Amino acid sequence: MSPIWIVLIALATLIIGVALGFFIARKYMMNYLKKNPPINEQMLRTMMMQMGQKPSQKKINQMMRAMNNQQGK
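All values derive from a computational prediction rather than experimental measurement.

A. Representation of the overall build of the chain in the model. Each helix and strand in the chain was counted, giving three helices and zero strands. Mapped from its N terminus to its C terminus, the chain presents α and β elements in the order α-α-α. Taken against the 2.2 N^0.38 rule, which gives 11 Å for 73 residues, the C-alpha radius of gyration of the chain at 23 Å runs more than 25% over that of a compact globule. Of the roughly 6700 Å² of accessible surface on the chain, 68% is carried by carbon and sulfur atoms.

In structure tokens, the structure reads:
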């Protein structure tokens, strides 16, 4: 087998592997986000009310900003 065929087969398998990995990772992340949605303002408001706090918009904005900063690290 000539070296050209070995290189072509290696490149083909690499391209197929990358494409397959991308679609598997995409499917996994879609399922993960469906099961564990990111927290939004409404969820935060509900959690605060369940803890017995009266949520003001200012407090909600502060907590959302703090959570976004924490996720950015």
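B. Layout of the packing of aromatic side chains. All told, the structure shown has one aromatic pair when counted by the stated rule. Between F22 and F23, the ring centres sit 5.2 Å apart and the planes meet at 70°, which makes this aromatic pair edge-to-face. By relative accessible area, F23 is classed as exposed at 53%.

C. Examining the environment of M1 more closely. The residue M1 is located in the segment before α1 (3-35) in this model. Those residues in contact with M1 that lie beyond four places of it in its chain are I6 and I9.

D. Broad picture of the confidence of the model for the chain. Per-residue pLDDT for the chain has a mean of 90; in total, 97% of the residues score no lower than 70. Per-element averaging of pLDDT across the chain places helix α3 (residues 57-72) at the bottom with 86 and α1 at the top with 95.

E. Local environment of the environment of L11. Summarising the element assignment, L11 is placed in helix α1. Along the backbone, L11 and M29 are 18 residues apart, and their C-alpha atoms lie at a distance of 27 Å.

What counts, and at which threshold
- Residues numbered from 1 in each chain as written.
- Predicted model: local features only at pLDDT ≥ 70, side-chain atom pairs only at ≥ 80, totals over all residues.
- Heavy atoms only, no water.
- Helix = DSSP H or I, 4+ residues; strand = E, 2+ residues; numbered from the N terminus.
- Rg over C-alpha atoms; globule rule 2.2 N^0.38 Å.
- Areas by Shrake-Rupley, 256 points an atom, 1.4 Å probe, with all protein chains shown as cover.
- Phe/Tyr/Trp six-rings, centres within 6.5 Å; stacked < 30°, edge-to-face > 60°.
- Buried < 20%, exposed > 50% of the residue type's maximum accessible area, 1.4 Å probe, protein only.
- Contact = heavy atoms within 4.5 Å.
- pLDDT = per-residue confidence, 0-100.

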